[in-house]
Amino acid sequence: MCAIWEASCFFFGDAVVGRIYAILWFRTKYPFWKQTMTRGILERLNNDEVVIGDGGYVFALEKRGYVKAGPWTPEATIEHPEAVRQLAREFLRAGSDVMQAFTFYASDDKLQNRGNKAQEKHSGAKINEAACHIAREVANEGDAMMAGGVSQTPTYLSTMDKNKVQEEFRKQMDVFVDNKVDFMIAEYFEHVEEAVWAVEEIKKFNVTVAASLCIGPEGDLHGVSPGDCAVQLANAGADIVGVNCHFDPELSLETIRLMKAGLEKAGLKAHLMIQPLGFHTPDTGKQGFIDLPEFPFGLEPRIITRWDVHKYAREAYKIGARYIGGCCGFEPYHVRAIAEELAEERGKLPAGSDKHDMWGKGLMLHTKPWVRARAHRAYWEKLNPASGRPYCSTMSQPNKWGVTAGDELLVQQKEETSLDELNKLIKKQKTK
């Protein structure tokens, strides 16, 4: 035991090791100990605790064969509930404090957009209901909260009509309120105007709301800066503001800094959240990774490592974000890396760390000596991974169509995209 302690102190430092060993001792001494009541999101954040979000359901389930790329809608909650439940459990085991109901793009208008039959086959209410049941079931298996979620709508792109857009959110909120969500997340908004409308509608139900935009340092698609976006969201009533998706950890961190500065300049207070992509996107344009030619089926060479996530989590914490998670591309092992990096601050390790010694220490058990030599922090922190693709470009040239809400090309429809419409888009693509 002494040898293990000394080796651990060498790798990780006395203070961290002391805290972790105390946690492990408590687990062993009281294996069935559990809080009898889950504390709320604001109680945790107001206490300066770290809240770890989950990862990317849409991309993970698409790769597993349960979500269709294109519409990206979550009818899997009805058609394959066991797949959604299993992924949620993996995020919980990795350290997630929030089980977000898989309701991304589950507004009625999106479920029947461009030939999608999910609304006709199931209905938005039933999909949202099933998602809430799964999220609550898994949340109750640990000390986790259950959050409902709304996101941007085709109605906004087509009409920019506040009443019509808020009606889409209202229909979803009826389900979330009936299922007693712990709080709401309004996420994946490219335009702060629509996000503000979402926050305003959600607050009518007297629910805590986190508002998250899929924007980068340049701001939203109508040219509103990150700082001004944060101010608008806070003024609308958002308790937590931040970013998710579309951009990698580094760009998202830069955006969060700008949002924080905007709030401070305006004299406003709101907790900060950040849930970036699990892909490197230094070459993106204003619309993020959807402009990359590799989106969505060729992104694998860009996947971030667990060690990249350690750096991201630490920097997010230094900036002041306390709701830290991931979005598309973030798998459970990425979430576990957040939990392990911030183990000292959180006073615990996730259950998933039982099979993962921090910073590669488990490699000390490997048969090959050159692999055992990698069982230390400095090796993985300094590693510059190769792609294994000798003919792969370092950067891509993103598409820059320059269209956003209000443009004729973004008007949505219930009918499927016709071959004539597709050919026109292909022709336009060649000129960009």
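The structure this text deals with has already been given above.
These lines cover the structure that appears in this document, whether it is placed above or below. Just so you know, these numbers come straight off a predicted model, no measurement behind them.

### Examining the overall build of the chain
Okay, so step 1: Counting its regular elements, the chain contains 19 helices and eight strands.
Okay, so step 2: The contacts of the chain with a sequence gap of at least 6 include a subset with a gap of at least 24, amounting to 77%.
Okay, so step 3: Of the accessible surface of the chain, which amounts to about 20200 Å², a share of 52% is contributed by carbon and sulfur atoms.

### Structural notes on the nonpolar core
Okay, so step 1: If you look at the biggest cluster of nonpolar residues, it comprises 92 residues, and the most contacted ones within it are Met99 and Leu233.
Okay, so step 2: Excluding anything up to four places from it in sequence, Met99 contacts Asp54, Tyr57, Ala88, Phe91, Leu92, Ala135, Val138, Ala139, Ala144, Met145, Met146 and Ala147.
Okay, so step 3: Core analysis: the second largest hydrophobic core is formed by 12 residues, Leu45, Val98, Met145 and Ile240 among them.

### Some details on the sheet that holds strand E7 (residues 271-275)
Okay, so step 1: Taking strand neighbours across the sheet as the criterion, the eight strands line up as E1-E8-E7-E6-E5-E4-E3-E2 in an open arrangement whose pairing is parallel. Here the strands that pair on one side only, and so sit at the sheet edges, are strand E1 (51-52) and strand E2 (98-100).
Okay, so step 2: In this sheet, strand E5 (residues 209-213) lies alongside strand E4 (residues 183-189) in parallel orientation, the contact comprising four bridges. The residue of E5 that forms the bridge with Ala186 is Ala211.

### Description of unusual backbone geometry
Okay, so step 1: Of note, the bond from Phe295 into Pro296 is cis; its omega dihedral lies within 30 degrees of zero at -5°.
Okay, so step 2: Position of Pro296 among the secondary structure elements: in the loop between E7 and helix H14 (306-319).
Okay, so step 3: Although it is not a glycine, Tyr188 adopts a positive phi angle of roughly 60°.
Okay, so step 4: Within the secondary structure, Tyr188 is located in strand E4.
Okay, so step 5: Positive phi, close to 60°, is recorded for Cys245, a residue that is not glycine.
Okay, so step 6: Within the secondary structure layout, Cys245 lies in the loop between strand E6 (240-244) and helix H13 (249-266).
Okay, so step 7: With relative accessibility at 3%, the residue Cys245 sits in the buried group.

### Things to note about the pattern of salt bridges
For side chains of opposite charge, pairing can occur when their charged atoms come near one another.
Okay, so step 1: Overall, the coordinates contain 24 salt bridges when judged by the stated rule.
Okay, so step 2: In this structure, the salt-bridge partner of Arg89 is Glu137, at a minimum N-O distance of 3.3 Å. Taken together, the residues Arg89 in helix H6 (residues 81-94) and Glu137 in helix H8 (residues 124-139) connect sequence positions 48 residues apart.
Okay, so step 3: A relative accessible area of 32% places Arg89 in the partly exposed class.
Okay, so step 4: A residue is classified by how much of its surface remains accessible, and Glu137, at 34% relative accessible area, is partly exposed.
Okay, so step 5: Of the charged contacts, one joins Asp97 and Arg346 as a salt bridge, the two residues approaching to 2.8 Å between their closest N and O atoms. Taken together, the residues Asp97 in the loop between H6 and E2 and Arg346 in helix H16 (residues 343-346) connect sequence positions 249 residues apart. In this structure, Asp97 and Arg346 share a single accessibility class: buried.

### Remarks on the environment of Cys214
Okay, so step 1: If you trace the backbone, Cys214 turns up in the loop between E5 and helix H12 (226-236).
Okay, so step 2: Aside from chain neighbours lying at most four places away, what touches Cys214 is Tyr188, Phe189, Glu190, Asn244, Cys245, His246 and Phe247.

### Quick notes on the packing of aromatic side chains
Okay, so step 1: Here the structure, examined in full by the defined rule, presents 19 aromatic pairs.
Okay, so step 2: Centroid distance Phe104 to Tyr188: 5.2 Å. Interplanar angle 75°. Geometry classified as edge-to-face. With Phe104 in the loop between E2 and helix H7 (118-121) and Tyr188 in strand E4, this pair connects stretches of sequence that are 84 residues apart. Take Phe104 and Tyr188: they sit in the same class, and that class is buried.
Okay, so step 3: When the ring of Tyr105 is compared with that of Tyr188, the centres are 5.9 Å apart and the planes differ by 90°; the resulting orientation is edge-to-face. Placement of the pair is Tyr105 in the loop between E2 and H7 and Tyr188 in strand E4, with a sequence separation of 83 residues.
Okay, so step 4: A relative accessible area of 11% means that Tyr105 is categorised as buried.

### Here's the deal with the pairing of E6
Okay, so step 1: Counting buried residues in E6 gives five out of five residues, a clear majority hidden from the surface.
Okay, so step 2: Burial of the side chains of E6 extends over both faces: Ile240, Gly242 and Asn244 are buried on one face and Val241 and Val243 on the other.
Okay, so step 3: Strand direction decides the pairing type here: E5 and E6, joined by four bridges, are parallel. Within E6, the position partnered with Leu213 by the bridge is Val243.
Okay, so step 4: In terms of handedness, the path from E5 via H12 over to E6 forms a crossover that is right-handed.

Rules and cut-offs
Residues numbered from 1 in each chain as written. Predicted model: local features only at pLDDT ≥ 70, side-chain atom pairs only at ≥ 80, totals over all residues. Heavy atoms only, no water. Helix = DSSP H or I, 4+ residues; strand = E, 2+ residues; numbered from the N terminus. Contact = heavy atoms within 4.5 Å. Areas by Shrake-Rupley, 256 points an atom, 1.4 Å probe, with all protein chains shown as cover. Core = buried A, V, L, I, M, F, W, Y, C linked by side-chain atoms within 4.5 Å. Buried < 20%, exposed > 50% of the residue type's maximum accessible area, 1.4 Å probe, protein only. Pairing = 2+ DSSP bridges. Salt bridge = Lys/Arg side-chain N within 4 Å of Asp/Glu carboxyl O. Phe/Tyr/Trp six-rings, centres within 6.5 Å; stacked < 30°, edge-to-face > 60°. Right-handed = clockwise from strand over helix to strand, strands pointing away.

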